[in-house]
Structure formats: structure tokens, C-alpha cells
Amino acid sequence: FVPKTLLNTYIVNPQIPENPSSSNFNASILFVDISGFSAFSERMAKNGAQGIEQVAVHINNYFSQLINCVYKHSGDIIKFAGDALICLFADEKEN
């Protein structure tokens, strides 16, 4: 997985960077965590492999809906962190 923000940088300049670089822009960051996910996973794991598979189905379904919503509102997915998602919404006035 590569965030669109980073991918777009390398589309403009496909060279491997020789040095670190940075850019400044106004943005909002959204951190989304699935409340109760650990307890849900533990309950489902008691059902063996079938329960674990159901956890994967549910988290994939949830993340798919969330990702579509973020992209619909011109956001970018920066990082998946277990049952959490870090999203970036850049100031459209600067783009």
C-alpha cells in the first residue's frame, strides 16, 4: 500500500531520491479506530478458524466502506495500523 500523496510525488519525479525531502501544506488528519475490536476478535477467535475468518470479513468490509468515504471526500489513506486508519485531508485551496 502506498498513499496517493506519496505516489503522486513519484509520478511527477520517478527518480529514486538521493536525500530525504519534505513539503509543507495545510491539512487535517483523521485517526479512526474500531471501538471494541479487540474484545470482538477474542470472542470470534473462540470459534476457531471460522471465527477468525469472520473477523477478517468484517474488518475488510468496514475498511472498504471507510476507504471509499475518505476517497469520496478527497482524502488520502496514510497508514493502516491494526484496526485503525490514519487519513489525510489536504487543504483544497493549496492544490
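Before reading further, recall that the structure is shown in the block above.
For every chain, the first residue of the written sequence is number 1, and numbering continues from 1 along that sequence. The predicted origin of the model limits local features to residues at a pLDDT of at least 70 and limits the giving and counting of side-chain atom pairs to 80 or more, whereas totals for whole chains, interfaces and linings rest on all residues. Computation of side-chain values: all heavy atoms of the structure, hydrogens and water removed.

A. Spotlight on the packing of aromatic side chains. Between 30 and 60 degrees the pair is tilted, below 30 it is stacked and above 60 it is edge-to-face, where a pair is any two Phe, Tyr or Trp rings, Trp via its six-membered ring, whose centres lie within 6.5 Å. Inspection of every chain in the model, using the stated rule, returns two aromatic pairs. Ring geometry for tyrosine 62 and phenylalanine 63: centres 6.3 Å apart, planes at 45°, overall tilted. Geometrically, the ring pair formed by phenylalanine 63 and phenylalanine 80 is edge-to-face, given 5.6 Å between the ring centres and 75° between the ring planes. You can see phenylalanine 63 sitting in helix α3 (residues 49-72) and its partner phenylalanine 80 sitting in strand β2 (residues 76-81), a full 17 residues away along the chain. Under the DSSP-based scheme used, a helix requires at least four consecutive residues in state H or I and a strand at least two consecutive residues in state E, with every element numbered from the N terminus.

B. Molecular detail of unusual backbone geometry. One non-glycine residue, serine 74, adopts positive backbone phi at about 65°. Structurally, serine 74 is set in the loop between α3 and β2.

C. Geometry of the pairing of β2. Any two strands are treated as partners once DSSP identifies two or more bridges connecting them. As paired strands, β2 and strand β3 (residues 84-90) are joined by five bridges and run antiparallel to one another. When the bridges of β3 are listed, alanine 81 appears paired with alanine 84. The loop that links β2 with its antiparallel partner β3 comprises two residues; one of these, glycine 82, has a positive phi angle of about 65°.

D. Molecular detail of the sheet that holds β2. Judged by pairing direction, the sheet is antiparallel, and its three strands sit side by side in the order β1-β3-β2 without closing on themselves. The open sheet has two edge strands, β1 (27-33) and β2, and neither has a second partner. Ignoring which end each strand starts from, the neighbouring axes of this sheet average 20° apart. Contact definition: two residues touch when any of their heavy atoms are within 4.5 Å. Angular values range over 0 to 180 degrees, each being the angle between N-to-C directions of two axes fitted as lines to C-alpha atoms, with helices fitted over their stretch in contact. Here α3 sits on the sheet in contact with β1, β2 and β3, set at roughly 155° to β2.

E. Representation of helix α2 (residues 37-45). Each residue's exposure class comes from its accessible area (1.4 Å probe, protein chains only) as a fraction of the maximum for that residue type: buried when under 20%, exposed when over 50%, partly exposed otherwise. When α2 is considered as a whole, its buried residues turn out to be Phe37, Ser41 and Met44. Angular distribution of buried residues about the axis of α2 spans 70°; they occupy a single face of the element. Residues of α2 that are exposed and point over 90 degrees away from its buried face: Glu42 and Arg43. Packed against the buried residues of α2 are α3. Picture the helix axis, draw a direction to every C-beta atom, and the arc is the one those directions span.

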